[in-house]
Amino acid sequence: MAVGGSTGTELSAGVPAELLVEAAELPAGIGPYRLAWRRLSRNHGALFFGVIFLVIVVLCLLAPVYSSDIAHTGPNDNHITEQIKIGGKLTYVVSTIGLPIGPTWHSKFFLGADPNGRDIAVRLLYGGRNSLEVGAVATLITIVLAAIIGIAAGYFRGWTDGLLMRALDVIWAFPVYILGVALGVSLAISGIGPLRGNSLMVPAFVIGVVFVPYVAKPIRGQVLGLREREFIDAARVQGLSHVRIMASEIFPNIASTIIVFIPLMLANSILLEAGLSYLGAGVQPPNPSWGTMIADGVANIPAAIHLVLVPGIMLVIAVLSINVFGDGVRDALDPRAKVRIAR
Amino acid sequence: MRKHPRSALTLALAAVSVIVLAACGSSSKSSSSSPATGKASGSITITYGTAPDTLDPDAFQTTQAGEADQPVYIPPYTYAETNGIAGTQIIPGLATALPQISADGKTYTFFFRKGLRYSTGQPVHTSDFLTAVERSIKIPWPLGSAFLVPLIVGAKDYESGKSNTVSGITTNDATGQVTIHLTAPYGAFENALAFQAYSPLPKGTPMKDLSSNPPPGVGPYKFSSVVPNVSYTEVKNPYWTPIPGIQSGYANQIVAKISSNTTASALSVLNNSNDVFDWADTIPPSLLPQIQSQASDRYQKLKLNSTYYFFMNQKAKPFSSMLAREAVIVGLNRPALARLGSGFFTPGCFFLPPLMVGHPPSSCPFGDPNSTGDIAKAKMLVQQSGMAGQPVTVWGEERSPRRQFVDYYTSFLNQIGFKATEKIIADATYFPTVGNLKLNAQTGFDDYNQDFPNPIDFYGLLLAGDAITPTGNLNHSQVNDPVINSKANQLGTLFKLPTSSLGSASSQWTTLDEYTAAKAYEAVFGYLEAPEFVSNRIDQSALVFQPINGYWYNTFKLK
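Residues numbered from 1 in each chain as written. Chains lettered and ligands numbered in written order. Predicted model: local features only at pLDDT ≥ 70, side-chain atom pairs only at ≥ 80, totals over all residues. Heavy atoms only, no water.

Let us look at the overall build of chain A. From N to C terminus, chain A includes 14 helices and two strands. When the 343 residues of chain A are sorted by exposure, 49% land in the buried category. In chain A, the proportion of contacts linking residues at least 24 apart, taken out of those at least 6 apart, comes to 70%. When the accessible surface of chain A is summed, it comes to about 15500 Å², and 68% of that surface belongs to carbon and sulfur atoms. (Helix = DSSP H or I, 4+ residues; strand = E, 2+ residues; numbered from the N terminus. Buried < 20%, exposed > 50% of the residue type's maximum accessible area, 1.4 Å probe, protein only. Contact = heavy atoms within 4.5 Å. Areas by Shrake-Rupley, 256 points an atom, 1.4 Å probe, with all protein chains shown as cover.)

Dropping the structure here:
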C-alpha cells in the first residue's frame, strides 16, 4: 500500500527484501502514482481492455449523433407498422404477429428492431449511455459515502464506529438484489425528493447505497490501523483538528485503496443496474438500458435472439473490460507487485 | 371485474417455477359418475403465466382464480358447459330451477337441490348460502361492492356491523328455499348469483381469505394441494353429487403450474410435456410460426368479450378537453397495437366488445380503426385544445404485451404534442394503484373482460358516475355523464331484461355505446382473442371454453 506522507523508516519496516531491492533501483523522487502508472503502462492486457472500455464510452456518448444523422430515429420512436426495403423488397418492421425484423446491416435498423419497432442500434447506444451514467453516478455515491463513513468510523471508533457499522450491517444483511429490487420498485413510483420516479438518478442512488458497506468496511479496517501510526499522533500533537487529520493525513493513505475500488464498483454497479432493470426496478421504460433491452427480448428468444444477444454482448464486453482494467490498476498500485520498472 | 394480472417479479417467479410437481400420479378414487367414453383417469397439467389472486371463492376477482374455482364451487346458478356464446347461458347449478322473480323485480326465490355434500362429506344446508354471502361481505370479496352489497337488502348494514346477518336473505333448511330481497330491481342478478362467491360454504368457515387452504366446495373437483404462486392441484371430489348440465370430469387430477416464462410454457405444451396453455396468456410471437406449422391441429383463436383501451381521466388536464381526447382517438395506430398483441387483437373503437349485446355495427365516429391513425390531424387537435406541451404520466403494467402497449402509447402522445412519461408498476399493484382516486391518474392501460354477458357489467362498473369510488375505482376515466348514468341505470335495472332477453334492449345499448364513442371517453383500441393451445394428449372435442371464466377443468379429457 502506498504510504504518502510517511517516513523512510516506515517504508522499510516489514517490507520484503526483494521490494527493497526494487525500490533501490528506482529513480530518485518517483511518486507512488507515477510508479503505478509505469506499472500499468507495461500491463498490455489491462491497457487493451481499458481502450475497449473507452471506445464503448465514446460510442455511447455519440448516440445522439448516430440517432439523428445515421439512423434518423430516436431511441423511443415506434415504427411498428412501417415498412423498409430489405434486398429491394418492402418488409414490415414488425410482422402482423409481432415479430420484429433482424439486423439489416444498413443505416436504418442496423441491428434490427424490437417488438415496438424501435431501432436496436440506437437503443443500444442510448442504453449504454444510461447504463454507464447510472453505473458512474452509483460508483461515485458509493465511494464518497463509503469513504466518509469508513474514515469516520475507523478514526473515531467508540459509539460513532458502533452506530455507523450497525447501520451498514443492516444494509449488508440484505442480499444486494433483494434490497435493490425493494428500493428500486418503491422509489420508482414515488421518486426521491425532487427526483421523479423515472429519473436515472433513482436507480443510481439505490445502487450507490446498497454497495456502501462493501467499500466502507475495508476502508474502516485500514483506518483503524492507520490511526495508531506515529504520523497521526504527530498530527494530533501539532493541534490539527479531527477533520483535517482525516482529510490530510488519513485520506491520502487510503486513496490507492479507493482507486482500486472504483473500477470494481463501476463494473458491479453496471451489472446490478442491468439486473434491476431486467426485473423492472432499475431504469424505467421507455428509457433503454442494456438490462431492460434484455428483458424486452427474452420472450422472443426462439425467433429473434438478437434482441437479447446484442445488449448481452455489450454488457459482457463492458463489464469484462472494466474488470480487467481494474485488475491492472490494482496490480499497479500494489507495492508488492513484481513488476520490473525500467530506469 | 375480470382483469388478467401478472405477478411483478418475473425472475423470482421464474426461479420458483422450476419446482415441478409430481404430475403423473393418479388417484385411485374414480368418480362413479365419470363418463363412459374417454380415459376417466390420468393427470392433466395446465400452465399459467399469472397466479390466481386467491383461490378463496369469496375473495377472488381474476380469471385465473375463476377458472380454478369453477369446478370446485358451484353457485346456485352457473353457465352452460358449451363452447362460445351458448356457454354464457345461465342454467341452474345448486338451485333446482331458474329463480322466481316477483312482479316488482325485487324478490328472487329458488330452491336448493337435495342430497348435496361438500368434498369433506358434510351435508350442504341451505343456510350455508347465507354463510357464504356473509363471508363474502366480511373478507371482503372485491366485486361485492358491485354485485352484492348494494344489491341485497341488509348487506350494507351487515358490512358496517350494524346488524349481525344479512336481513334480505332468508333460508329454509327443511324446504331448501332461499329468498333474496333486493334493494332495487337488477336485471343481471341471475348472473350475480353465478359468481362463486354465492356458492355455499360450511358454517364456521373462517372469515378470512383461505387462499392457501381453500374451503371445501360442492363441485366435481376439490383442491388437494396449493403452493401459493407456484402450483395447485385439483382431484376428483369423492362426494360429488351429479347435477344435470355439469359434467363429472374426466381427469383424476388437474395440476396447474405457474410460471411467468410463457415462452417455456408454450414450448412445453408444444412438446407435450404440459397439456394446456392458459388462454389469458399471450403466446410469444416468436413461437407462433412454429406452433402454427407443427401444431395447427391443436391451436386456434378463441373469441372473448374483452375490451382493451387507454383510460383518459376527464377530471385532469389534458384529457379534461374533449379535443385532446379526440386527438388520441384519431391518431391511435390500432393495427400497431394489434401487432404488439401478437395479432390476438381485433382493432375497434366501441366500448362494448363485438360479442356483447349492443355492440354497434356502425362505423367509428373518428375514423377507421383499421387505419394506422391520422397523426397530422391529431397534432392539430392537440394544438386546438390548448393542451400542447401538457405533461402526461402514462400508467402501465409490467407484463407483456401490456408494457409494450404503454411504450407505444407514450411515444405516440409525445408525437402528437404532449409531454408524456411512463410509469410502469407491478401487475399485482397496478389496478389498486390507478383505482385510487387520490392518485388522479391521468391516463394508462386498461382492460375489461366480461363477468357476464350483459352490457351493464361494462357500463355499471366502468362508465357510470356512481361507480367512481375513492379506492378500488374501476371508472379510471372518471366519466360522470348524466346521459350515460341515467341510461345505464334504466337499462341495467330493468328486471324484465335478464340476460336471456337482452336482445329487446339491444338497440338502446347500441345507441348508448355510439354516444360514448362520440364523446371520446375512452381510447378503445381493440378486442382480445385468446389462444387455445393444448398438447396432443388432450381430446379437443371434449374441451369446453366458456368466455367468462375460461376452461371448464371438468371437460379436460385425455385421448
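Bringing the overall build of chain B into the picture now. Looking only at helices and strands, chain B has 16 helices and 19 strands in total. Rg of the C-alpha trace for chain B: 23 Å, near the compact-globule value of 24 Å for 559 residues, within the 12% margin. Overall size of chain B, expressed as C-alpha extent along the three principal axes, is 70 × 55 × 40 Å. For chain B, buried positions account for 63% of its 559 residues. Pairs at least 24 apart in sequence give 74% of the contacts found in chain B among residues at least 6 apart. Treating the 40 positive side-chain charges of chain B as one cloud and the 39 negative ones as another, the clouds have centres 1 Å apart. (Rg over C-alpha atoms; globule rule 2.2 N^0.38 Å. Lys, Arg positive; Asp, Glu negative; His and termini not counted. Charge placed at Lys NZ, Arg CZ, Asp CG, Glu CD.)

Reports of interface size often rely on the accessible area that becomes lost once the parts have come together. All names here are of chain B. Taken domain by domain, chain B consists of domain 1 (8-258 + 534-555) and domain 2 (303-530). Spacing between the C-alpha centres of domain 1 and domain 2 amounts to 30 Å. Counting residues at the interface gives 25 residues for domain 1 and 24 residues for domain 2. The interface formed by domain 1 and domain 2 includes zero salt bridges. One can count one residue pair in polar contact (both at pLDDT 80 or more) joining domain 1 with domain 2. Those elements that provide at least two residues to the side of domain 1 that touches domain 2 are helix H4 (144-147) and helix H6 (189-192). Here the side of domain 1 that touches domain 2 is built from residues that sort into 15 nonpolar, eight polar and two charged. (Domains from an automatic or database assignment. Salt bridge = Lys/Arg side-chain N within 4 Å of Asp/Glu carboxyl O. Polar contact = N/O pair within 3.5 Å; in protein donor to acceptor, adjacent residues only side chain to side chain. Nonpolar A, V, L, I, M, F, W, Y, C, P; charged D, E, K, R; others polar.)

A surface patch of nonpolar side chains, amounting to about 400 Å² of accessible area, comprises Ile301, Ile305, Leu309, Ile313 and Ile317 of chain A. Along the chain, the position of Ile301 of chain A falls in the loop between helix H13 (290-297) and helix H14 (306-333). (Patch = residues over 30% accessible without salt bridge, like charges linked within 9 Å, V, L, I, M, F, W, Y side chains within 5 Å.)

Okay, the pairing of strand S15 (residues 419-425) of chain B next. Residues and elements named next belong to chain B. Most of S15 is tucked away: five of the seven residues are buried. Bridging between strand S14 (residues 391-397) and S15 involves seven bridges; their strand directions are parallel. Looking at S15, one finds that Gly396 is bridged to Ile424. Handedness of the crossover is the feature at issue here: the chain leaves S14, passes through helix H12 (residues 402-416), returns alongside S15, and the resulting connection is right-handed. (Pairing = 2+ DSSP bridges. Right-handed = clockwise from strand over helix to strand, strands pointing away.)

Residues and elements named next belong to chain B. Read from one edge to the other, the open sheet built from four strands follows the order S4-S5-S7-S6, with strand pairing classed as antiparallel. Two strands bound the open sheet, and with one partner strand each, they are strand S4 (100-101) and strand S6 (169-172). Of the pairings in the sheet, the one linking strand S5 (residues 107-111) to strand S7 (residues 177-181) comprises five bridges and is antiparallel in character. Bridge assignment links Tyr108 to a residue of S7, and that residue is Ile180. Each of S5, S6 and S7 touches helix H3 (residues 128-138); the most contacted strand, S6, lies at about 150° to it. (Axes fitted to C-alpha atoms, helices over the stretch in contact; angles between N-to-C directions.)

A word on the side chain of Asp407 of chain B. Along the chain, Asp407 of chain B turns up in helix H12. Since its relative accessible area comes to 1%, Asp407 of chain B is described here as buried. Those residues within four positions of Asp407 of chain B in sequence are excluded, and the remaining contacts are Asn78, Asn116, Arg118, Pro285 and Pro286 of chain A together with Glu422 of chain B.

Quick look at empty space enclosed by the protein now. Residue and element names in this part refer to chain B. Overall, the coordinates contain seven cavities of 30 Å³ or more when judged by the stated rule. Contributing to the lining of the largest cavity are 17 residues, with Ala280, Thr282, Tyr308, Pro401 and Leu528 lying nearest its centre. Contributing elements (two or more residues each) for the lining of the largest cavity: H12 and strand S17 (522-534). Among the elements that make up the lining of the largest cavity, the one with the highest residue count is S17 (four residues). Forming the walls of the second largest cavity are Ile329, Arg334, Cys349, Cys364, Pro365, Phe366, Gly367, Ala517 and Glu522. Tallied by class, the residues present in the lining of the second largest cavity amount to six nonpolar, one polar and two charged. (1 Å grid on protein atoms, 1.4 Å probe; cavity = no way out; pocket = protein on both sides within 12 Å on 5 of 7 lines; lining within 4 Å. Points joined across faces, edges and corners; volume = space filled by probe spheres on them.)

In this section: the interface of chain B and chain A. Counting residues at the interface gives 30 residues for chain B, matched by 33 residues for chain A. Interface of chain B and chain A: buried area, both sides summed, is about 2600 Å²; carbon and sulfur atoms make up 57% of it. At the surface where chain B touches chain A, the tally comes to two salt bridges. A salt bridge links Asp296 of chain A to Arg403 of chain B, with the nearest nitrogen and oxygen atoms 2.9 Å apart. Summed over the shared surface of chain B and chain A, the result is nine residue pairs in polar contact (both at pLDDT 80 or more). Only helix H1 (10-16), helix H8 (288-294), helix H10 (334-340), H12 and S15 of chain B provide two or more residues apiece to the side of chain B that touches chain A. (Buried area = accessible area lost by both parts, 1.4 Å probe.)

The amide bond that connects Ile139 of chain B to the next residue, Pro140 of chain B, takes the cis arrangement and shows omega of -5°. Tracing the backbone shows Pro140 of chain B in the loop between H3 and H4. Cis geometry is found at the peptide bond from Lys317 of chain B to Pro318 of chain B, where omega equals 0°. Although it is not a glycine, Arg157 of chain A sits at a positive phi angle of roughly 55°. Mapped onto the fold, Arg157 of chain A is located in the loop between helix H6 (120-156) and helix H7 (158-173).

On to the nonpolar core, then. Residue and element names in this part refer to chain B. Of all hydrophobic cores here, the largest spans 156 residues; its most connected members are Ile152, Ile180, Phe189, Tyr198, Tyr409 and Leu413. Each of two domains, domain 1 (8-258 + 534-555) and domain 2 (303-530), supplies a minimum of three residues to this core. Discounting residues that sit within four places of it in the chain, Leu413 has contacts with Phe319, Val328, Val392, Val394, Phe418, Ala420 and Thr443. (Core = buried A, V, L, I, M, F, W, Y, C linked by side-chain atoms within 4.5 Å.)

Let us look at the pattern of salt bridges. By the definition in use, this model includes 22 salt bridges over all chains. Asp275 of chain B serves as the salt-bridge partner of Arg537 of chain B, at 2.8 Å between the closest nitrogen and oxygen. Taken as a pair, Arg537 of chain B in the loop between S17 and strand S18 (545-546) and Asp275 of chain B in the loop between helix H7 (262-270) and strand S11 (276-277) lie far apart in primary sequence, 262 residues in all. Under the relative-accessibility criterion, Asp275 of chain B is labelled buried at 2%. Bridged by salt links that share partners, the residues Asp114, Arg118, Arg123 and Asp296 of chain A together with Arg403 and Asp407 of chain B form one connected network.

Residue and element names in this part refer to chain A. Across chain A, the average pLDDT comes to 86, with 89% of residues at or above 70. Confidence, expressed as mean pLDDT per element, reaches its minimum in chain A at helix H1 (residues 8-12) with 45 and its maximum at helix H5 (residues 63-71) with 96. Here residues 1-12 scores under 50 on pLDDT; set against residues more than four positions off or in separate chains, the count is 16 contacts. This model gives residues 339-343 a pLDDT under 50, and the stretch forms 13 contacts once residues within four places in sequence are excluded. (pLDDT = per-residue confidence, 0-100.)

Time to look at the state of the cysteines. All names here are of chain B. Enumeration according to the criterion identifies one disulfide over all chains in this entry. Here Cys349 is linked by a disulfide to Cys364, with a sulfur-sulfur distance of 2.0 Å. Classification of the bridge connecting Cys349 and Cys364 rests on its S-S torsion, roughly -100°, and on that basis the disulfide is left-handed. Remark: Cys364 occurs in the loop between strand S13 (345-347) and helix H11 (375-385) and Cys349 occurs in the loop between S13 and H11; sequence separation between them is 15 residues. Both residues of the pair, Cys349 and Cys364, count as buried. (Disulfide = S-S within 2.5 Å.)

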